[in-house]
Amino acid sequence: MSTPSRPNTGSVLIIDLTREKVVKRKVLSETVKRYLGGRGFNSKALFDMIPGRIDPLSPENVLALGNGTFAGTALPMTSRLHISTLSPLSGILGDGNAGGEFSAMLKFAGYEQVIVTGRAEKPKYVFIEDDEVEIRDAEELWGLTTGETVDWLRDEHGDEVSVAGIGPAGENLVRFATTMVDKYHSGARGSGAVWGSKNLKAIAVIGTKGVEPADPERFYGLAKEDIDYFNRNEFVRRIYSVIGTHYGLIQWYPSWRYFQVPLSAEELPIGLRPQDLAEYEVGRTQCFSCPLACKDVYYLPSTGEYGTASEFESIYALGSNNCVTDTEAVLRMEHMADEYGMDVMTLGDTIALARLLHEKGILSRGDVKGVSLEWGDAEEQIELIEMTAYRKGFWDKLAEGYRNFAKLYGEDALAYCYDVKGVNRGWYEVDFINGVFTLSHATSTRGADHLRGRSWAYWENDKLIDIEVVRGMLEAGLPDYRKDPVGALIYGERACTLADSLGRCKGSINSWLQAVPLVWKYPVFKGTAMLLTAFTGIEFTEKDVIDATDRIYLTEMAFNVRQGIKKKHYDVKFPPEFAATERAKAQLKRHWELVDEYLERRGCDVETAYPRRETLEGLDIGYVADQIGGKEFPEWDGPVRGVA
Amino acid sequence: MTSLSRITILTKPEVQTSVQVYCLQCRDAACERVCPVDAISRDRNGAYVINYDRCIGCRECAYACPFGAISFEVEARPIKCDLCDGEPECVAVCPHDAIVYMEEKKAARELKKAKAAGVAYGLYGGKETPEYSRKKAEEAVEYLMELVEKSGELDV
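Rules and cut-offs
Residues numbered from 1 in each chain as written. Chains lettered and ligands numbered in written order. Predicted model: local features only at pLDDT ≥ 70, side-chain atom pairs only at ≥ 80, totals over all residues. Heavy atoms only, no water. Helix = DSSP H or I, 4+ residues; strand = E, 2+ residues; numbered from the N terminus. Rg over C-alpha atoms; globule rule 2.2 N^0.38 Å. Buried < 20%, exposed > 50% of the residue type's maximum accessible area, 1.4 Å probe, protein only. Contact = heavy atoms within 4.5 Å. Areas by Shrake-Rupley, 256 points an atom, 1.4 Å probe, with all protein chains shown as cover. Lys, Arg positive; Asp, Glu negative; His and termini not counted. Charge placed at Lys NZ, Arg CZ, Asp CG, Glu CD. Salt bridge = Lys/Arg side-chain N within 4 Å of Asp/Glu carboxyl O. Buried area = accessible area lost by both parts, 1.4 Å probe. Nonpolar A, V, L, I, M, F, W, Y, C, P; charged D, E, K, R; others polar. Patch = residues over 30% accessible without salt bridge, like charges linked within 9 Å, V, L, I, M, F, W, Y side chains within 5 Å. Pairing = 2+ DSSP bridges. Axes fitted to C-alpha atoms, helices over the stretch in contact; angles between N-to-C directions. 1 Å grid on protein atoms, 1.4 Å probe; cavity = no way out; pocket = protein on both sides within 12 Å on 5 of 7 lines; lining within 4 Å. Points joined across faces, edges and corners; volume = space filled by probe spheres on them. Polar contact = N/O pair within 3.5 Å; in protein donor to acceptor, adjacent residues only side chain to side chain. Domains from an automatic or database assignment.

Novice: Mind showing me how you'd approach the overall build of chain A here?
Specialist: When its secondary structure is counted, chain A shows 29 helices and 19 strands. A compact globule built from 644 residues should have a C-alpha radius of gyration of about 26 Å, and chain A, at 23 Å, falls within 12% of that. Dimensions of chain A, computed from C-alpha atoms along their principal axes, come out at roughly 70 × 60 × 55 Å. Looking at the 644 residues of chain A, the share that counts as buried comes to 70%. Contacts spanning at least 24 positions in sequence make up 70% of the contacts within chain A whose residues lie at least 6 apart. Taken as a whole, chain A presents about 20,500 Å² of accessible surface, with 48% of it coming from carbon and sulfur. Between the centroid of the 74 positive side chains of chain A and the centroid of its 96 negative side chains there is a distance of 4 Å.

Novice: What exactly am I supposed to notice about the side chain of D338(A) here?
Specialist: All names here are of chain A. Mapping D338 onto the fold places it in helix α12 (residues 327-340). Buried and without a salt bridge, D338 has K295 as its closest oppositely charged side chain, separated by 8.2 Å. Once residues within four sequence positions are removed from consideration, D338 is found in contact with T146, M180, K183, Y184 and T308.

Novice: Please explain the interface of chain A and chain B as it appears in this structure.
Specialist: Facing 41 residues of chain A, the contacting portion of chain B comprises 29 residues. Of the roughly 3,300 Å² buried between chain A and chain B, counting both surfaces, carbon and sulfur atoms make up 60%. Counting across the chain A and chain B interface gives two salt bridges. A salt bridge links R134(B) to E279(A); the nearest nitrogen and oxygen atoms lie 2.4 Å apart. Sorting the residues of the side of chain A that touches chain B by element identifies α7 (216-232), α8 (234-243), α9 (247-251), α10 (274-278), β15 (281-285), β17 (305-308), α20 (460-465) and α21 (467-475) of chain A as the ones contributing at least two each. Per-element accounting of the side of chain A that touches chain B gives the leading share, eight residues, to α8(A). Partitioned by chemical class, the residues of the side of chain A that touches chain B number 20 nonpolar, six polar and 15 charged.

Novice: How should the pattern of salt bridges be read in this particular structure?
Specialist: Pairing is possible between side chains that carry opposite charge, provided their charged atoms lie close to one another. Residue and element names in this part refer to chain A. Inspection of every chain in the model, using the stated rule, returns 61 salt bridges over all chains. A salt bridge links E556 to R39; its shortest N-O distance comes to 2.8 Å. Of the two residues, E556 is situated in helix α25 (residues 542-562) and R39 in helix α2 (residues 38-49); the sequence distance between them amounts to 517 residues. We note that E556, like R39, is buried. D626 is the partner of R613 in a salt bridge, and the nearest nitrogen-oxygen pair spans 2.8 Å. Here R613 is found in helix α28 (residues 613-618), whereas its partner D626 is found in helix α29 (residues 622-628), with 13 residues between them in sequence. The partly exposed category is assigned to D626, whose relative accessible area is 46%. Sharing partners across several salt bridges, the network here consists of R39, D95, R446, D449, R452, D500, K506 and E556.

Novice: It is not clear to me how a negative patch on the surface should be interpreted in this structure. Could you clarify?
Specialist: Residue and element names in this part refer to chain B. Negative charge collects at one region of the surface, where E139, E142, E146 and E149 lie side by side. By the secondary structure assignment, E146 is in helix α5 (residues 130-153). Assessed through its relative accessible area of 46%, E146 is described here as partly exposed.

Novice: Would you mind going over the sheet that holds β17(A) with me for this structure?
Specialist: Two strands in a sheet stick together by hydrogen bonds in their backbones, pointing the same way (parallel) or opposite ways (antiparallel). All names here are of chain A. Spatially, β15-β16-β17 is the arrangement adopted by the three strands of the open sheet, whose pairing is antiparallel. Where the open sheet ends on each side, the last strands, each with one partner, are β15 and β17. With direction set aside, neighbouring strand axes in the sheet form an average angle of 25 degrees. Strands β16 (295-300) and β17 of the sheet are contacted by α12, whose axis makes an angle of about 110 degrees with β16.

Novice: In this structure, what is going on with empty space enclosed by the protein? I would like to understand it.
Specialist: All names here are of chain A. Going through the model one piece at a time under the given rule, you end up with eight cavities of 30 Å³ or more. The computed volume of the largest cavity comes to approximately 840 Å³. Together, 47 residues line the largest cavity, and R80, N97, S186, E311 and L451 are the ones closest to its centre. Breaking the lining of the largest cavity down by element, the ones donating at least two residues are β5 (93-98), β11 (185-187), α11 (312-319), α12 and α13 (344-359). For the lining of the largest cavity, the element with the highest residue contribution is β5, accounting for four residues. Taken together, the residues of the lining of the largest cavity break down into 18 nonpolar, 17 polar and twelve charged.

Novice: Can you walk me through the side chain of T178(A) in this structure?
Specialist: All names here are of chain A. Locating T178 in the fold gives a position in the loop between α5 (168-171) and β10 (179-181). Looking at T178, the relative accessible area reads 1%, which means it is buried. Within the local environment of T178, its side chain forms a polar contact with the side chain of S186, the two groups lying 3.4 Å apart. Residues in contact with T178, not counting those within four places in the same chain, are G165, I166, S186, G187, A188, R189, S191, G192, G341, M342 and D343.

Novice: What am I meant to see in the domain arrangement of chain A here?
Specialist: Residue and element names in this part refer to chain A. Partitioning chain A into structural domains gives domain 1 (11-206), domain 2 (233-424) and domain 3 (432-628). Computed over C-alpha atoms, the centres of domain 1 and domain 2 are 25 Å apart. At the junction of the two partners, domain 1 supplies 36 residues and domain 2 supplies 33 residues. For the pair domain 1 and domain 2, the two sides together bury roughly 2,700 Å², of which 58% comes from carbon and sulfur. It is F176, Y184 and R189 in domain 1 that bury the most area against domain 2; as a group they hold 27% of the surface buried on that side. Across the contact surface, domain 1 and domain 2 share two salt bridges. Here E400 ties to R175 by a salt bridge, and the two come within 3.1 Å at their closest N and O atoms. Here domain 1 is connected to domain 2 by 17 residue pairs in polar contact (both at pLDDT 80 or more). Residue assignment for the side of domain 1 that touches domain 2 shows that the elements contributing at least two residues are α3 (102-108), α4 (146-157) and α5. Residues that form the side of domain 1 that touches domain 2 fall into these classes: 16 nonpolar, 15 polar and five charged.

Below, the structure written as structure tokens:
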């Protein structure tokens, strides 16, 4: 097959808010082959457009929204929108992805990516209808919640419109505000404040053009096989489509009281069990092209509101993590976080951290000004969430987010701050899952994170869903985490990078099986290469796919190097009481051995953790090496404020 | 060849729910009666089908249908559900068995059973009662515990 000079993909839309200028740029075949789409396109754009350390809330920061190669097609679960920026929470790469219909709509309108730069003088929103792109006044929208914003835009532009935007938390520059898609789908902690800093309230899009694969018969044939697999799967039918990610409450040990005690299925408190949450459910919903329907629609009798997608993460972070066990209160908090546009995990962890610091006496009564900060006080927590979104009084400090908040109270407070590179994810022993779990937090290019590589290096979920497939993948050469944790993690990171770039959902059943298309039949990346070839008309081999994911990952590492990330930032935190023990010291030693092995196998310098020139040149991105080679970058210590 | 959908989904964004519009294959069909050239007739499966050799594209059928189940999309031709000649594709692909294809009498019995099981059809187009949702979730958890126990014994 000959390679077309321009693939059957859309253009990149570049919006400069300072000059109110819109530019469209065609995507070249070469770019698709090298960076796939979605997160790949975004990470490259950020590396190219943000040359050094800047204040993430300054106009120079870039907001990139990429819709993934397969968005809008019948290939199941491929409508995730990837949102990337320099994070105001961590000061390094901050990206994440959200479901909904936005990415499919954007594809239908003919775009692969939207890049926003500059700062508008007054609140604005962008309206895209196929080729027409308008920057419009949003003064009427400023101050509205995410739900009200979507309703307003639907009244103005019709019910088909899909919206990505922010709520009051983003406007008030809460550092863990998120981008909210179609009311309930949240992505990329911190990106909401970047929208706010740019005076951009929302992007609304209607697309009518459709998507045509290069070889429709082949592509849809493969897509149907993938749909059928999930439709037939007993786990999906009987568990996942019934209780969604609530299955994690039974399976993933949610934390109790800021991770002092992880809860087993038997210990799960009444009120937070899947069956208790189900009582509030009035239906289920899903994102575009998804046969799973993991999201519940719930009704809150006390306020008369409907909410969507109460997930495992929100229930543990806002509920058990803070000892709140009142079902409706937890659902209400989750819904408030959606409406104000805040990340539930950072929100829940930061509140829990404040409670702990108060209990330890590090936060004095004078500091917290009349708030009790008792564990489990649901009513007070509801109030706190609102005050944080509006940065009122003391809670202005909480809105700084996790590590930035702890930093205000000095070393004593930071000792209880279990972050990697400024992002919270709780603390775990290194022995847990043979070191893979903690290592994946340390090596994640967006700070501590469970979706950057962990889940797919770890067979517990896969085993429940389809044991035969796991055997097939191991036979196909996938490293076993029990014998080769580092190798398993690198494969996991590749799978996650791939999913993010294709637009595929990876968080839903938390398994290899759905993160990589067709992996259940053609392990490991062969099926993806077949799909990419059929869709784009560009010949892809399995090696091309692996190289593309490595190219993306190392570009992200280099981006963080320029933001001041050194090897020491690959550490993991333990609580001070545990850190002093021999057991902890032995575990840390093991962690650093794994980090060294990881850096070596990723082709990075083991002393500095910089990607090596020959590795980058081998991936045909020598220009990245030119940017970081032989240069000194000031050490990272959270987001930069003001001019660098 | 790709084919246009015969099912239209109307979404109600405020409650995140959808209503499906499709041909009900009425006993006494308005579309059949109004067609000036008798292009609409019943096939052996009981589906009303359009004979495109006769159709003149006047749109009378679409105006007459009380459910809005006939649309005009390509080259001014009406399109509607024709039950795919007895093997409906929508039934084949629906991941949650939300669409089933069965004999009329059996369908009436099944609906009765579903209602008895606690599914109350109300405002939300199939709103489930709290007891019904809880029971379903309990079954899912029970099955999950079974799988967890089983997978513990499995060595990959």
